[in-house]
Amino acid sequence: MERVGKLRASLLVAIAIAAGLTVTLLLVTRSSNASGGSEVVKTAHNATLGRTILVTRNGLTLYSLSAERHGRFICTTAFCLSLWKPLVVAPGVKPTGVSGLTVVKRPDAKRQVAFRGAPLYRFVQDTKPGQVKGNGFKDVGVWRPVTTAGAVKSAPRSTVPSYGY
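How each quantity is defined
Residues numbered from 1 in each chain as written. Predicted model: local features only at pLDDT ≥ 70, side-chain atom pairs only at ≥ 80, totals over all residues. Heavy atoms only, no water. pLDDT = per-residue confidence, 0-100. Contact = heavy atoms within 4.5 Å. Disulfide = S-S within 2.5 Å. Buried < 20%, exposed > 50% of the residue type's maximum accessible area, 1.4 Å probe, protein only. Core = buried A, V, L, I, M, F, W, Y, C linked by side-chain atoms within 4.5 Å. Helix = DSSP H or I, 4+ residues; strand = E, 2+ residues; numbered from the N terminus.

Draft legend 1. View of the confidence of the model for the chain. Mean pLDDT over the chain stands at 79; residues scoring 70 or higher make up 67%. Within the model, pLDDT remains below 50 along residues 16–36, and this stretch shows two contacts once partners closer than five positions in the same chain are excluded. Note that residues 155–160 has pLDDT below 50 and, in this model, 14 contacts with residues that lie over four places away or in other chains.

Spelled out as structure tokens, the structure:
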């Protein structure tokens, strides 16, 4: 009889531990979803541009290349990708946070976030929120920060570097 009592007590402890782990798992899942689970794009007002732009969940500026639209990729070389980091998501993730987001398949089979058909990139020299150091870089097209209305139309600086890929 005493053995059955100990067995019941052990079983109750195991159930309590399992219940505690389940509650912890639910709380972690809810907090990660609340903090932006698949929300990879947000908006922020940019003082330099005087406009509201698209940014990563960490607040870094997102850009598009004017020549890249509707499945046409220009930034595919190692050099280009060393400067411009595609915003990618894992399979099955549907990006949220801003209306107009979709996913396009890159030539390397990665899933890149796009806004109104334009693939989104981060510029490596932008290391803090609010920076727009990639604005106006010329290529086959021009790199611009993306606003909810589309790409910014003009560069705020007089000299704009150009890179040939």
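Draft legend 2. Inspection of the state of the cysteines at higher detail. Scanning the model with the defined rule gives one disulfide in all. Bridging C75 to C80, the disulfide has an S-S length of 1.9 Å. Given an S-S torsion of about -115 degrees, the disulfide between C75 and C80 has left-handed geometry. The two residues C75 and C80 agree in class, both being buried.

Draft legend 3. Geometry of the nonpolar core. Grouped together as the largest cluster of nonpolar side chains are 19 residues, with contacts concentrated most on Y63, C75, W84, Y121, F123 and W143. When residues of this core are traced back to their parent elements, those giving at least two are β2 (51–56), β3 (62–65), α2 (78–83) and β9 (121–123).

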